[in-house]
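Listed here are the chains, written in short residue letters.
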Amino acid sequence: MSQSVNPSDPNTIPKFVDELKKPRTLQPTDNDRYPEGSYYKIVMKEAKHRFHKDFPNTRIWGYNGISPGPTIEASKDKTTYVKYENKLPEKHFLPVDYTLHGSSDTPEVRSVVHLHGANVDWKSDGHPEAWYTQNYEKTGPMFRRKVHAYTNHQPGTTLWYHDHSMGLTRLNVFAGLAGFYLLRDSLEERLQLPKGRHEIPLMIQDRSFNEDGSIFYPDSPPFPVPIHPSITPGVTGNTITVNGKVWPHLKVEPRKYRFRILNASNRRGYLLSLSDEKSFTQIGTDGGFLNRPAELSSIQLLPSERTDVIIDFSGMEGKEIILQNSDTEFLDEHTSIVMQFRVELPLLGKDTSEIPAELAPAMELHEHHAHIIRDLPLTISTDEYGRPMLMLNERMYHDPATEKPSLDSVEIWNFINATPIQHPIHVHLVQFKIIERRPFNLERYESEGVVEFTGPAEEPRDYERGWKDTVKADIGKVTKIIMHFKEHTGNYIWHCHFLEHEDHDMMRPIRIIKDAHPVQLPHADEENHSSEDSLADDSANE
């Protein structure tokens, strides 16, 4: 480590000295029980990672010991089977709060993996109570599968997999447990988009470090509480990493590149733009391709949101372009910078990629098709230790499910944000469309419970007009979304994707039922298996 570099002080950390690397692609593992090329094994384990060339090696938890984890590439309608083995230590290296739901009477280290944005059977969804310890010695009450079966029955898009353990998600993701899952389909194959080395996923995460280069995560909030360690309302880092490197650079050719950008931070939002008045061409959102490309000067991403963009570096030989962050929350001179593009590579062959006038057929959901409209308040309370606690529908996680959509029903959900902060609300299983946002009289709502609108409806922002699985619920507004619950019944969840909020009860169950009657979910040893279920069950002697 350079003597002048202090990992805890961003002022001493040189920027753009590490070259950005594309996350490595995972290769399938041979297994006679599964179709050829469909089975993958990933081991969650502790390892060392170098975030910056002037830092010492840092302890992380990574999928296959790397951060980001290896990228899984999947094909639409071809089932992918993934076994995530927990080889993590029994003790956590980040501060565990034992007062949180599901943490007081369970093992200190637990893990379960959620494929974010996937249309998947609930037993493979990575339910927070489906956690397990090393060698499955202990498992949570919702644990059903050692091998997750992802049928990939949805349009091609950028998904990502990450830890989703009850009461530990914020720590496990901050420790490094996140990776890309790229789902491809025939439509993408027909489009002449940049590909190969010209298609690069970008995972953006903020981080803070101690002087010795270890990851810093606070063990108490910035106000006195009687619990230690204690959760804090939100953790933001003082550096920005992309694909596991602090303020990296990427050498590019003077041609078009496709970037799949993910905000995998715990709490920080980004308002991304390019220096030199350069623009993005957005081609996709969380759920896949837009109907038509959109030329944008900036794109906002709250945690877990993705955007799929093309940047054209043609005619920019010798220039250096900065990917900037101008989100005003928690911003400073260092976190306003994400990474650098250097247009210094020679053009290797003619750029034959194209940006088509139309990407995907328009598929809309219409409000008059909705079977149910739900008004769902986002509120703030305090827990028994005097800490702020944010809640959905004025209930805690363990309260009985109130959202019980019927199979093949269309629902409209109105998120009534009565808290003083924005929230990225993620709904498992479905992709939805944002209909509108509308300001309301907060004072009257808090005193009378009446939603009185104080302004006109606002259309979705220009960067969020496609299919979404996470939406920004603005302060003092009702955010309206519409979605279709199809294919699957069972236990899912919806929650705020600020991970500290999620871990402190801003998460609720969804129970999707068939024919308007609750489904009696079987225990693991009582299930009637389809052939696909049998494959996913994973025999004990594998």
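Residues numbered from 1 in each chain as written. Predicted model: local features only at pLDDT ≥ 70, side-chain atom pairs only at ≥ 80, totals over all residues. Heavy atoms only, no water.

What follows deals with the overall build of the protein chain. Looking only at helices and strands, the protein chain has five helices and 29 strands in total. Summarising its shape, the C-alpha atoms of the protein chain cover approximately 65 × 55 × 50 Å along the three principal directions. A sequence separation of at least 24 residues applies to 77% of the contacts in the protein chain between residues at least 6 apart. Accessible area for the protein chain stands at about 21100 Å²; split by element, carbon and sulfur atoms hold 47% of it. Side-chain charges in the protein chain split into 60 positive and 81 negative, and the spacing between the mean points of these groups amounts to 4 Å. (Helix = DSSP H or I, 4+ residues; strand = E, 2+ residues; numbered from the N terminus. Contact = heavy atoms within 4.5 Å. Areas by Shrake-Rupley, 256 points an atom, 1.4 Å probe, with all protein chains shown as cover. Lys, Arg positive; Asp, Glu negative; His and termini not counted. Charge placed at Lys NZ, Arg CZ, Asp CG, Glu CD.)

Turning to the sheet that holds strand E2 (residues 58-63), a few remarks are in order. Strand order across the open sheet formed by four strands is E2-E1-E4-E6, with mixed pairing between neighbours. At either margin of the open sheet sits one strand with a lone partner, and together these are E2 and strand E6 (147-150). Averaged over all pairs of adjacent strands, the angle between strand axes in this sheet comes to 25°, irrespective of strand direction. Of the strand pairs in this sheet, strand E4 (residues 80-86) and E6 are connected by four bridges, and their pairing is antiparallel. By the bridge assignment, Val82 is partnered in E6 with His148. (Pairing = 2+ DSSP bridges. Axes fitted to C-alpha atoms, helices over the stretch in contact; angles between N-to-C directions.)

Burial along strand E10 (residues 239-242) is two-sided: Thr239 and Thr241 facing one way and Ile240 and Val242 facing the other are all buried. Where strand E9 (residues 199-207) and E10 come together, four bridges link them in antiparallel fashion. Its bridge partner being in E10, Asp206 is matched across the sheet by Ile240. Where E10 lies against strand E11 (residues 245-246), two bridges are found, and the strand directions are antiparallel. Each bridged residue has a counterpart across the sheet, and for Thr241 the counterpart in E11 is Val246. In textbook terms, the turn of a hairpin is the stretch between consecutive antiparallel strands, and for E10 and E11 this stretch comprises two residues, one of which, Asn243, has a positive phi near 50°. (Buried < 20%, exposed > 50% of the residue type's maximum accessible area, 1.4 Å probe, protein only.)

Another point: the packing of aromatic side chains. Counted under the stated rule, the structure contains 22 aromatic pairs. Aromatic pair Trp61 and Phe93: ring centres 5.5 Å apart, planes at 70°, arrangement edge-to-face. Residue Trp61 is located in strand E2, and its partner Phe93 is located in the loop between E4 and strand E5 (113-116); the two are separated by 32 residues in the primary sequence. The pair Trp61 / Phe93 is uniform in exposure class, with both members buried. By way of ring pairs, the aromatic residues Tyr257, Phe259, Phe313 and Phe341 are connected into one cluster. Over the face of the ring belonging to Phe498 we find Arg267, whose NZ or CZ atom lies 3.9 Å from the ring centre. (Phe/Tyr/Trp six-rings, centres within 6.5 Å; stacked < 30°, edge-to-face > 60°. Lys NZ or Arg CZ within 6 Å of the ring centre and 35° of its normal.)

Here we take up the pattern of salt bridges. Within this structure, the stated rule accounts for 43 salt bridges. In this structure, the salt-bridge partner of Arg184 is Glu73, at a minimum N-O distance of 2.8 Å. With Arg184 in strand E8 (residues 178-184) and Glu73 in strand E3 (residues 69-75), this pair connects stretches of sequence that are 111 residues apart. The class of Glu73 is partly exposed, set by a relative accessible area of 32%. (Salt bridge = Lys/Arg side-chain N within 4 Å of Asp/Glu carboxyl O.)

Our next topic: the confidence of the model for the protein chain. Chain-level statistics for the protein chain give a pLDDT mean of 94 and a share of 95% at 70 or above. Considering only residues more than four positions removed or in separate chains, one finds that residues 517-531, a stretch of pLDDT under 50, has 22 contacts. (pLDDT = per-residue confidence, 0-100.)

Before going further, it helps to examine the nonpolar core. The biggest cluster of nonpolar side chains holds 85 residues, and the ones touching the most others in it are Tyr84, Tyr161, Phe259, Leu272, Phe313, Met339 and Phe341. When near neighbours in sequence (up to four residues on either side) are disregarded, Phe341 contacts Leu250, Val252, Phe259, Leu274, Ile311, Phe313, Lys319, Glu320, Ile321 and Leu323. Among the nonpolar cores identified, the runner-up in size contains 25 residues, and Leu392, Phe415, Phe485 and Cys496 belong to it. (Core = buried A, V, L, I, M, F, W, Y, C linked by side-chain atoms within 4.5 Å.)

Before going further, it helps to examine the sheet that holds strand E19 (residues 320-325). An order of E12-E20-E19-E14-E17 is seen for the five strands of this open sheet, with the pairing classed as mixed. One side of each edge strand has no neighbouring strand; the edge strands of this open sheet are strand E12 (249-252) and strand E17 (298-301). Across this sheet, the average inter-strand angle for adjacent strands is 20°, counted without regard to direction. In this structure, strand E14 (residues 270-274) lies alongside E19, joined through three bridges in antiparallel fashion. Bridge assignment links Leu274 to a residue of E19, and that residue is Leu323.

It is worth spelling out the environment of Lys251 at this point. Here Lys251 is to be found in strand E12. Looking at Lys251, the relative accessible area reads 29%, which means it is partly exposed. Taking C-alpha positions, Lys251 is 21 Å from Thr239, a pair spaced twelve residues apart along the chain. When near neighbours in sequence (up to four residues on either side) are disregarded, Lys251 contacts Glu19, Tyr257, Arg342, Glu344 and Leu345.

Within strand E28 (residues 490-496), seven of the seven residues are buried, which leaves it mostly tucked inside the rest of the structure. Sheet topology note: the strand E24 (residues 423-427)/E28 ladder contains three bridges and is antiparallel. In the sheet register, His426 faces E28, and the bridge partner there is His495.

The topology assignment puts Thr133 in the loop between E5 and E6. By relative accessible area, which is 10% here, Thr133 ends up buried. The contact partners of Thr133, leaving out residues within four places of it in the chain, are Asn86, Pro107, Val109 and Lys138.

It is worth spelling out the side chain of Thr470 at this point. Of note, Thr470 is situated in strand E26 (residues 470-473). A polar side-chain atom of Thr470 sits 2.8 Å from a polar atom in the side chain of Ser304. In this structure, Thr470 is in contact with His116, Asp286, Pro303, Ser304, Glu305, Pro424, Ile425, His426 and Phe432, ignoring residues within four places of it in sequence. (Polar contact = N/O pair within 3.5 Å; in protein donor to acceptor, adjacent residues only side chain to side chain.)

Along the chain, Asp18 falls in the segment before strand E1 (39-49). Among the residues examined, Asp18 registers a relative accessible area of 8% and is labelled buried. For the pair formed by Asp18 and Pro248, sequence separation is 230 residues and the distance between their alpha carbons is 4.9 Å. Apart from the residues within four sequence positions on either side, Asp18 is in contact with Phe51, His52, Lys53, Lys245, Pro248 and His249.

Time to look at unusual backbone geometry. For the bond running from Ser67 to Pro68, omega is 0°, close enough to zero to count as cis. One can find Pro68 in the loop between E2 and E3. Residue His228 is joined to Pro229 through a cis peptide bond whose omega torsion reads -5°. The phi dihedral of Asn152 falls on the positive side, at around 60°, and the residue is not glycine. Turning to its location among the elements, Asn152 is positioned in the loop between E6 and strand E7 (157-163). Positive phi, close to 55°, is recorded for Glu394, a residue that is not glycine. Considering the arrangement of structural elements, one finds Glu394 in the loop between strand E22 (388-392) and strand E23 (409-417).

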